[in-house]
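One-letter residues, chain by chain:
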Amino acid sequence: MEASRSDESNLSPNLNRISNLNPAHNPIISSAQVWPTIDGPLGLTEEASVDYARRFYKFGFALLPFLWAVNCFYFWPVLRHSRAFPQIRNYVVRSAIGFSVFTALLSAWTLTFSIGGEQLFGPVWDKLVMYNVADRLGLSGLA
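Values in this document were obtained by computation on a predicted structure and should not be read as measured data.

**Observations regarding the packing of helix α4 (residues 46–60) against helix α5 (residues 66–74)**
With their axes 7 Å apart at the nearest point, α4 and α5 run at an angle of 155° to one another. Relative to α5, α4 is oriented roughly antiparallel. Helix-helix and strand crossings are classified by hand; for α4 and α5 the assignment is left-handed. Contact residues: A53, F56, Y57, F59 and G60 in α4; L67, W68, V70 and N71 in α5.

**Here's the deal with the UniProt feature "transmembrane region" (unreviewed entry) in the protein**
The UniProt feature table records "transmembrane region" (unreviewed entry) at residues 59–79 and 91–115. Structurally, residues 59–79 comprises 71% helix and 0% strand, and the distance from its first C-alpha atom to its last is 20 Å. Between the C-alpha atoms that bound residues 91–115 there is a distance of 35 Å. The span itself is 100% helix and 0% strand.

**Remarks on the side chain of N71**
The topology assignment puts N71 in helix α5. Contacts of N71, omitting those with residues within four sequence positions, involve A53, F56, Y57, Y91, V92 and S95.

**Quick look at the nonpolar core**
Residues A53, F75, V78, F85 and I88 are the most contacted members of the largest nonpolar core, which totals 13 residues. Listed by contribution, the elements that provide at least two residues to this core are α4, α5 and α7 (86–121). Ranked by residues supplied to this core, first place goes to α4 with 4 residues.

**Some points on the packing of aromatic side chains**
To describe a pair of aromatic rings, you give the distance between the ring centres and the angle between the ring planes. Scanning all chains against the criterion turns up 12 aromatic pairs. Each ring, one from Y57 and one from F61, has its centre 5.3 Å from the other, and the planes form 85°; the classification is edge-to-face. On the numbers, 5.2 Å between centres and 50° between planes, the contact of W109 with F113 is tilted. Residue W109 and its partner F113 are both found in helix α7; the two are separated by 4 residues, about one turn of the helix. Looking at W109, the relative accessible area reads 51%, which means it is exposed. F113 sits in the partly exposed class, given a relative accessible area of 23%.

Rules behind the numbers
Residues numbered from 1 in each chain as written. Predicted model: local features only at pLDDT ≥ 70, side-chain atom pairs only at ≥ 80, totals over all residues. Heavy atoms only, no water. Axes fitted to C-alpha atoms, helices over the stretch in contact; angles between N-to-C directions. Helix = DSSP H or I, 4+ residues; strand = E, 2+ residues; numbered from the N terminus. Parallel < 35°, antiparallel > 145°, perpendicular 65-115°, else oblique. Left-handed = near helix turned anticlockwise from the far one by under 90°. Contact = heavy atoms within 4.5 Å. UniProt positions renumbered as here; feature names shortened; annotations may be inferred. Core = buried A, V, L, I, M, F, W, Y, C linked by side-chain atoms within 4.5 Å. Buried < 20%, exposed > 50% of the residue type's maximum accessible area, 1.4 Å probe, protein only. Phe/Tyr/Trp six-rings, centres within 6.5 Å; stacked < 30°, edge-to-face > 60°.

Written out as C-alpha cells, the structure reads:
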C-alpha cells in the first residue's frame, strides 16, 4: 500500500503541487487584477489616473484630438472592463466618441478633396488648394 502511494506521487509530481496551490498565492491568478492604465502596477494611481484622463479629454478640444486616441490607448483597461473605475471611464468613453467623430470628419474631408477635386469645387479649387501658394505670391519666379 505504501509503495503504491509513493509510486503515484513519483509518476506525477506536478499533481501534488497543483492540488496544494492556494489561489490567493498563485501569481497567475493574482495578476488578473484590473489596473486603470496599460502600465499595470507600474502605472498611475487611481487618483492620478482621473486627473490625467480629465486633462487628455479637455486638451483634446484644444485642436489636439489625437490626445483622445492617446487617452483611449493609455486607459485601455478602463474601456475593456465596463464596471471598473467609473470616474475614469466617463472621460475615456467620451474621448473614444470624440476621436471617432474627429476621424470620421477628417476622413470625409480627405476623401472629398482627393476624389472630388477640381470637378467638385470648380473655379474655387485654386483658392482652396495649397500647392500653388508660391505661384500666387510670386515666389516661384515663373510669373
